[in-house]
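Topology and contacts: notes
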Amino acid sequence: MEIPVPRIPLGDWIEVILDWLLATLGGFFTVIRNFLEDLYELLLWVLMTPEWWVITIVLAGLGWWLRSWQLALGTVIGFVLIVGVNQWENAMSTLSLVTIATLIAVIIAIPLGILGAKSYTASKILRPIMDFMQTMPPMVYLIPALVIFRVGVVPGMVATVIFAMAPGVRFTELGIRGVDPEVVEAGKAFGSTPGRILRQIQLPLAMPTIMAGVNQVIMLSLSMVVIAGMVGAGGLGGEVVASLNRINAGLGFESGLAVVILAMYLDRLTSIQAKT
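Below: a short report on this structure. Predicted model, so just to flag it, every value in this text is computed and none were measured.

Cut-offs and rules
- Numbering of residues begins from 1 in every chain and follows the order in which that chain's sequence is written.
- Residues qualify for local features only when their pLDDT is at least 70, as the model is predicted, and side-chain atom pairs are given and counted only at 80 or more; totals for whole chains, interfaces and linings, by contrast, use all residues.
- Think of the side-chain values as coming from all heavy atoms in the structure, minus any hydrogens and water.
- A run of H or I in DSSP becomes a helix once it reaches four residues, and a run of E becomes a strand once it reaches two; helices and strands are each numbered from the N terminus.
- Working convention: axes come from line fits to C-alpha atoms, limited for helices to the stretch in contact. Angles between N-to-C directions cover 0 to 180 degrees.
- Should an angle lie under 35 degrees it is considered roughly parallel, over 145 roughly antiparallel, and from 65 to 115 roughly perpendicular; all remaining angles are considered oblique.
- Here a crossing is taken to be left-handed if its near helix is turned anticlockwise relative to the far helix by less than a right angle, and right-handed if that turn runs clockwise.
- The criterion used for residue contact is that any of the two residues' heavy atoms lie within 4.5 Å.
- Each residue receives one of three labels: charged for Asp, Glu, Lys and Arg, nonpolar for Ala, Val, Leu, Ile, Met, Phe, Trp, Tyr, Cys and Pro, and polar for the others, Gly being one of them.
- In this analysis, a patch consists of residues with relative accessible area above 30% that form no salt bridge, clustered at 9 Å for like charges and at 5 Å for the nonpolar side chains Val, Leu, Ile, Met, Phe, Trp and Tyr.
- Surface exposure here means Shrake-Rupley accessible area, sampled with a 1.4 Å probe, where a residue is shielded only by the protein chains that are shown.
- A carboxyl oxygen of Asp or Glu within 4 Å of a side-chain nitrogen of Lys or Arg is what we treat as a salt bridge.
- Think of it in three bands: residues with accessible area under 20% of the maximum for their type are buried, residues over 50% are exposed, and the middle band is partly exposed, with areas taken using a 1.4 Å probe on protein chains only.

1. Quick word on unusual backbone geometry
Negative phi is the rule for most residues except glycine; trans is the rule for most peptide bonds. Here the phi dihedral of N86 falls at roughly 65 degrees; this positive angle occurs in a residue that is not glycine. Residue position: N86 is located in the loop between α3 (69-84) and α4 (88-118). The phi dihedral of I247 is positive, around 55 degrees, even though this residue is not glycine. Take I247: it is sitting in the loop between α12 (235-246) and α13 (249-270).

2. Things to note about the packing of α4 against helix α10 (residues 194-223)
Relative orientation of the contacting elements α4 and α10 amounts to 140 degrees, with a least axis distance of 9 Å. With respect to α10, the axis of α4 lies oblique. Crossing angle aside, the handedness with which α4 passes α10 is right-handed. Packed against α4, whose contacting residues are T94, V98, T102, A105, V106, I110, I114 and K118, the element α10 presents L198, Q202, L203, I210, V214, V217, I218, S221 and L222 at the interface. Tallied by class, residues from the contact of α4 with α10 come to 12 nonpolar, four polar and one charged.

3. So, a nonpolar patch on the surface
The grouping of I8, L10, W13, I14 and I17 at the surface amounts to a nonpolar patch, some 530 Å² of accessible area in total. Looking at I17, the relative accessible area reads 46%, which means it is partly exposed.

4. Digging into the packing of helix α7 (residues 153-164) against α10
Taken N-terminus to C-terminus, the directions of α7 and α10 make an angle of 140 degrees; their axes are 9 Å apart at the nearest point. In this view, α7 runs oblique relative to α10, as classed from their interaxial angle. The interaxial crossing formed by α7 with α10 has right-handed handedness. Across the interface between the two elements, T160, F163 and A164 of α7 pack against V217, L220, S221 and S223 of α10. When grouped by side-chain class, the residues that make up the contact of α7 with α10 number four nonpolar, three polar and no charged.

Listed below in structure tokens is the structure:
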């Protein structure tokens, strides 16, 4: 005998919550949308106003300074290739979106990671939330983001932040917990305050692990560009979506290759390795 299971109206509850949020905090969401759009437009203007070769030299010089001449050379070759396939403007649009999303995710993730490292209760609360954020299909984030922020670059940015933030929290907590307790005890013995121990002992020693988390945040942000393109974010993601709609393999390969070049540059720039 089949036992009937009553339907749980979870979806209806979510819609009620979204309607309440829009009715109560609609003005606040408009302010956030305008702020993020202005920030995006400003960064895009900075990247698009100079000639492409100026930005290429600046980014290659940054790679040489932080890493190696090999990265600088690879950056020049890769960005010339992006220009050659006529994807420079789209690449800079994607770079702007990824940069802002990464900054927001890191600003939120590192304090949460520190909180989790300092409090086991906070860690137990954060862990299932991070699991949920990482395992929920990214497309699902776009639905409430579209409802709240409407079509454009902002819902793609918000969904990217939510999806990419978890590694930053996890790696920050892991890095601080991994600091030698004897070093921390030595700081306490010399009369250092908890804040000073965090700033001058724990964070510097945990920085390689934290940077590994930042690197993962960037990579996950780039993996979201195509999904962001589905909601009007434009850039390389928009080109990939357009190639899919038109069954245009050439356009899809060119825009996909530009994403790969950006990913390789940002990965090498933020990876933990010795400068050569």
